[in-house]
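# Chain and residue survey
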Amino acid sequence: MSIVSKVILATSISLLANYTLANEAKKVIYPVLKNYDWPAKKHAVINNYNNIDQAPIPVIAYGYDTPENYVFITKYDKGIDVQNLHQQAIDNLCVRKYEFKNITENALTISGDTYSSEMFLCPSFLEAVEKKLGTNKLQVSIPRRTILYVAKADLSKEESEKFMNVVAYTLADDSYGNALITNLVIELEDGKMTGGKLVN
């Protein structure tokens, strides 16, 4: 190989390395809630919500957006520290903006953002909900991607029926093509899961 060729090769390698580093720096990792039976989970880096490895508890995957598609972090990616990855994803999630809309006086929704469903993984979001609803006991529904419902745990019979009907309707409505996550309404106290109830 001539000296000129070696110089060109070295320059190309250097440019490629810089390009790769620049692209890596642009990746913003987020948590992505998936149905427990998500077929790709055997390949993806995941955590089980609340450390429960059982349906209908959702799994937490991790990924980032690209101009072409969405890319999940897989078990084949080298140098992955799952604990650090999870914390990085939650930190990124918690700085996203959201807007509450009322379903009833004591029930709220956020929707439309790619990571609306995932917001309940963010402690500061749950604190904001608790403050808005005036209680530390909540029930959260994440029936499909991009939508989240949250309400006081002790709703009136009328409000509870309306809340559950909205959840059931969303589970049945595939008109927007958003993937199903779970039909479990998760009960929380001080941000910790205490139970749940299924919506059919």
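Definitions and limits used
- Counting restarts for each chain, with residues numbered from 1 along the sequence as it is written.
- A pLDDT threshold of at least 70 governs which residues receive local features in this predicted model, and a stricter bar of 80 or more applies before side-chain atom pairs are shown or counted, although totals over entire chains, interfaces and linings include all residues.
- To obtain the side-chain values, all non-hydrogen atoms of the structure were included, while hydrogens and water were left out.
- A residue's pLDDT is the predictor's confidence in that residue, given on a scale from 0 to 100.
- Contacts are residue-level and defined by heavy atoms, with any inter-residue pair within 4.5 Å sufficient.
- Two rings belonging to Phe, Tyr or Trp (six-membered ring only in the last case) form a pair when the distance between their centres is within 6.5 Å. Interplanar angles under 30 degrees mark stacking, angles over 60 mark edge-to-face geometry, and anything in between is tilted.
- Whether a charge lies above a ring is judged from NZ of Lys or CZ of Arg, which has to be within 6 Å of the ring centre and within 35 degrees of the ring normal.
- Each reported salt bridge corresponds to a side-chain nitrogen of Lys or Arg within 4 Å of a carboxyl oxygen of Asp or Glu.
- Secondary structure elements follow DSSP: runs of H or I no shorter than four residues count as helices, runs of E no shorter than two count as strands, and numbering proceeds from the N terminus.
- In this scheme, a residue with accessible area under 20% of its type's maximum is buried, one over 50% is exposed, and one in between is partly exposed, where area comes from a 1.4 Å probe on protein chains only.
- Each nonpolar core is a collection of buried residues, namely Ala, Val, Leu, Ile, Met, Phe, Trp, Tyr and Cys, held together in the definition by side-chain atoms within 4.5 Å.
- What qualifies as a polar contact is a pair of N or O atoms within 3.5 Å, subject to a donor-acceptor requirement within protein and to the restriction that residues adjacent in sequence count only when both atoms come from side chains.
- One fewer than the residue count of a helix, multiplied by 1.5 Å, yields its expected span.
- What the arc covers is the set of directions going from the helix axis to the C-beta atoms.

Below, the discussion takes up the confidence of the model for the chain. Looking at the chain as a whole, its pLDDT mean stands at 89, while 87% of the residues score no less than 70. Contacts from residues 4-25, a stretch scored under 50 in pLDDT, to residues over four places away or in other chains number two contacts.

This next bit is on the packing of aromatic side chains. In total, this model carries seven aromatic pairs according to the counting rule given. Three or more aromatic residues joined by ring pairs make a cluster, and in this case those are Trp-38, Tyr-70 and Phe-72. Above the ring of Tyr-36, the side-chain terminus of Lys-41 is found at 3.5 Å from the ring centroid. The cationic tip of Arg-96 hangs over the ring face of Tyr-30; the distance from NZ or CZ to the ring centre is 4.9 Å.

Before going further, it helps to examine the pattern of salt bridges. In this structure the tally under the stated criterion is four salt bridges. Notably, a salt bridge pairs Asp-174 with Arg-144, separated by 3.2 Å at the nearest N-O pair. Placement of Asp-174 in the loop between helix 4 (157-172) and strand 9 (184-189) and of Arg-144 in the loop between strand 7 (137-141) and strand 8 (147-152) is noted, with a sequence separation of 30 residues between them. Since its relative accessible area comes to 7%, Arg-144 is described here as buried.

Counting residues in each nonpolar core, the largest one holds 36 residues, and the members touching the most others are Tyr-49, Tyr-62, Phe-120, Leu-121, Phe-125, Leu-148 and Leu-188. Secondary-structure elements contributing two or more residues to this core are strand 1 (30-34), strand 3 (59-65), helix 2 (82-94), strand 6 (107-111), helix 3 (123-133), strand 7, strand 8 and strand 9. When neighbours within four sequence positions are excluded, Tyr-62 is seen to be in contact with Ile-29, Tyr-30, Pro-31, Val-45, Ile-46, Asn-47, Val-71, Phe-72, Ile-73, Leu-85, His-86 and Ala-89. Ile-147, Met-164, Val-185 and Val-199 belong to the second largest nonpolar core, which has 12 residues in total.

Right, let's talk about the side chain of Thr-146 for a bit. Mapping Thr-146 onto the fold places it in the loop between strand 7 and strand 8. Take Thr-146: its relative accessible area is 19%, and that puts it in the buried class. Looking at Thr-146, its side chain comes within polar contact range of the side chain of Asn-178, at 3.2 Å. Ignoring any residue separated from it by four or fewer positions in sequence, one finds Thr-146 in contact with Ile-110, Ser-111, Gly-112, Asp-113, Thr-114, Ser-116, Ser-117 and Asn-178.

Once that is clear, we can look at helix 4. Its 16 residues give helix 4 an end-to-end C-alpha distance of 22 Å, which sits within 8% of 22 Å, the value for a rise of 1.5 Å per residue. Among all positions in helix 4, only Glu-159, Phe-163, Met-164, Val-167, Thr-170 and Leu-171 are buried. Along helix 4, the residues classed as buried sweep out an arc of 125° about the axis, all on the same side. Of the residues in helix 4, the exposed ones pointing more than 90 degrees away from the buried face are Lys-157, Glu-158, Asn-165, Tyr-169 and Ala-172. As for helix 4, its buried residues are in contact with strand 5 (101-104), strand 6, strand 7, strand 8, strand 9 and strand 10 (192-198).

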